[in-house]
Amino acid sequence: MSFLCFQSPDPGKVRPLRTPPYPPSLPPWRDANTQQGKQGRATETAVKRYHIGSTGTSGADPNRHNCDGSGGSTSFPRPSPRKSMLTYILSFLPLSDQKEASLVSRAWYCAAQNALREQGQPHFLGTTRFILLASDHRNRRLLLPYLDKEDGHSRDEPRGSQAHLELWNLQDPHMLTNVQYNIPVSSASLPAIKSLGLRGITCISLTNLDDSPASHEVLECVAYHLGPHLQSLCLSGGSPSEAAFVALILGCPALRILDLSGCNSLFTSGMLLAQPETAQRVQQVLSGLCELNLAGLWDLTDLSFNRLSSCAPSLERLSLAYCHLTFELGPAWGSLGPQDSSPSQLSFHNLLRFVKERAGRLHALDLSGTGLLPEALQALGQVAGLQLQELSLHGCQDLSTEAVAALCRLQSGLISLDLGGCSGLADGALVAISWGLGHLQRLSLRKLQRLTDAGCTALGGLQELQSLDLAECCLVSGWGLAQALGSGHRAPAPLASLSLAYCASLKDASVLSLISVLSPSLRVLDLSSCVALTNRTLQAICAYLTHLSVLRLAWCKELQDWGLLGLGEPSEEPTQEPQLHQELEHQASGPKEPPQPQGPSLLMLRALQELDLTACSKLTDASLAKVLRFPQLRQLSLSLLPALTDKGLVAVAKGCPSLEHLVLSHCSLLSDEGWAQAASSWPRLRHLNLSSCSQLTEQTLDTIGQACKQLRMLDVSMCPGISMAAIRHFQAQLPQVACIQSRFVGGADLTLTL
């Protein structure tokens, strides 16, 4: 069994896809010899009159093709009466079920797209994130489950490999343009690579790559079948030989993105591209390369970097994260040339020379974990003509506030900045960022131990900020952030993502003060390990942040059942609920005052797709069984809930049927009987963690194997009732499960390991 996966490398970029002619093997609805085929032909006739894809009626684009493989503009077909009825029916279904229904046939696909259009939703097949293919050589069939990160689900249906693969290109020319296939390097992948080559696949990642004959064979196959139209190639963590790598690159003339992170074998000898004629040929092939990832290459030197970068004159994005960068202080930084490049180390002066040469084109740089010095950062910022948009300096602990302030003055066009783990920075750095980077959209200040509320008040100057990470800033209590975002002088920043995880100083009152300014746009909220938060915070979130799609409350141990249910606190503090309402009203005294909550419960967060309640140990079945009713919830963690029983498990299964990722580790009251009732409700489950569930036996494995056919990862570590023989039987029952964690199963003695 071989597997190929693909996921979006860059959701914001859509690349053209040239769709080849139909293969000889046709899906049922295109075979004129079947009843389905007759209906499909009629549908195709209607589709040919109109064009499938985005709206637009004039002009022809040679890079786009209609359902019959011909060129032309791409607009969606006018729905037939049959599709109109399907559209009406599908409009009543949740998004996840609409997407499941779209796999039935072409007519159902078009009807589902029309339903989304009428509801104002984006076309879900146009933003495909992940598809898994499994080549089954025993019966020459292909299994194609579909998973979309927006609302993931999957479905396995055995079909002819050519036919089913072509279905995805038939449906929407945009669908496969921004996806990446993960291809394991083995001889079993060769037929699938050839099949993918017929479809003009543009983005792939090769895993388990080494210098074996099988790897050479796969690389030759990729170069021949996929190379001519390949735009993105990832070899991360591989160990190819230099000759095999060069041969592969020479077969990819359209390459725009190359990921060599962790490929140290290519640079160990220092002779990669040392031959001028080879370097010249590679330069011709990589003339359009825009992005190069060299992260984690400890053997990278000036000479090897110069040879490779000189072959890519169009580079716009470069990552040298966690490379061993050396610094030689002094004025020589600006005067050294290529002849001074070191054959044994990667020096900053060489990097600076490269940046000066490419200043007009380079706009994204990742130097995380390189130990960048303050003087080096200032030298980078001063490069004439350099206009960076994205800069990552995560873990550069020697950086100073003065260096960051200089950077903000010199590179005012930055829209993304990562300073996480730069422990030398304090409040002054945040003030400089606020004053100098007015267009900043993404900011990470994770693990800045010296950052306080006084510095957070400066965030009010970042009016375009969309994502803010303040996790592990132990001195941040939230008051400064609330003051900054709730200032009445300007409109609040359109924050969509906020992480305050591990901020131990965070209290209920400061979270309540944030609610009124976060509610319009916030979608992701992470309050994990904010141990002082109570039900007051939870009920406020449920009342005012109703558009949340991700909520993480792990290790908030003070949360109780009545908070999830939206009830008033028990009799020992009967005035708590009115007090909560009054405080919310007082804190939300900005330009727009939120309405008073009326029994806010977790059920009000109808858009939730991810929920983490790990170690909220006071929660029981009484609340979980009633509030965990989210048809579109994809990820759920209920680990370390000692009171969760089979009753709660069955209720959760019925209320959250679209789960793909479920974590139930250390839930010692769960038993085989509970799983016997719950498993059938989770056909889309892909990742399941049942470690340390002491009552489970091999009966639960059999139940899961029969009901959860999409499962890819299972953790049953430290389950004493499950034996290795049962695990081997389960693996034979579901061979597509790629990873099974089974440490210390069967009641193994842990005395020597603890």
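Every value quoted in this text rests on a predicted model; they were computed, and no experiment measured them.

Draft legend 1. A look at the overall build of the chain. Tallying secondary structure elements over the chain gives 25 helices and 27 strands in all. Residues counted as buried form 56% of the 754 residues belonging to the chain. Contacts in the chain between residues at least 24 apart in sequence constitute 76% of all its contacts with a sequence separation of at least 6. Counting every atom, the chain has about 29,900 Å² of accessible surface; 53% of that belongs to carbon and sulfur.

Draft legend 2. How the structure looks around the packing of aromatic side chains. What the rule picks out here adds up to four aromatic pairs. An angle of 75° between the planes, with centres 5.2 Å apart, marks the rings of Phe305 and Phe354 as edge-to-face. With Phe305 in helix 10 (residues 302–310) and Phe354 in helix 11 (residues 348–357), this pair connects stretches of sequence that are 49 residues apart. A relative accessible area of 1% places Phe305 in the buried class.

Draft legend 3. Just the packing of helix 10 against helix 11, in detail. Contact geometry of helix 10 with helix 11 gives a least axis separation of 10 Å together with a crossing angle of 15°. Comparing the axis directions of helix 10 and helix 11 gives the class roughly parallel. Between helix 10 and helix 11 lies a crossing whose hand is right-handed. Across the interface between the two elements, Asp302, Phe305, Asn306 and Ser309 from helix 10 touch His349, Asn350, Arg353 and Phe354 from helix 11.

Draft legend 4. Fine view of the confidence of the model for the chain. Of the residues in the chain, 73% reach a pLDDT of 70 or more, and the chain-wide mean stands at 78. Confidence over residues 122–177 falls short of pLDDT 50; this stretch has 214 contacts with residues more than four positions distant or in other chains.

Draft legend 5. Examining the nonpolar core more closely. Membership of the largest hydrophobic core comes to 179 residues, with the highest contact counts inside it found for Leu294, Leu372, Leu443, Leu602, Leu628 and Trp675. Apart from residues no more than four positions distant in its own chain, Leu443 is found in contact with Leu417, Leu430, Ile433, Leu459, Leu462, Leu465, Ser467, Leu468 and Asp469. Of all hydrophobic cores here, the second largest spans six residues; its members include Leu86, Ala111, Ala112 and Ala115.

Rules and cut-offs
Residues numbered from 1 in each chain as written. Predicted model: local features only at pLDDT ≥ 70, side-chain atom pairs only at ≥ 80, totals over all residues. Heavy atoms only, no water. Helix = DSSP H or I, 4+ residues; strand = E, 2+ residues; numbered from the N terminus. Buried < 20%, exposed > 50% of the residue type's maximum accessible area, 1.4 Å probe, protein only. Contact = heavy atoms within 4.5 Å. Areas by Shrake-Rupley, 256 points an atom, 1.4 Å probe, with all protein chains shown as cover. Phe/Tyr/Trp six-rings, centres within 6.5 Å; stacked < 30°, edge-to-face > 60°. Axes fitted to C-alpha atoms, helices over the stretch in contact; angles between N-to-C directions. Parallel < 35°, antiparallel > 145°, perpendicular 65-115°, else oblique. Left-handed = near helix turned anticlockwise from the far one by under 90°. pLDDT = per-residue confidence, 0-100. Core = buried A, V, L, I, M, F, W, Y, C linked by side-chain atoms within 4.5 Å.

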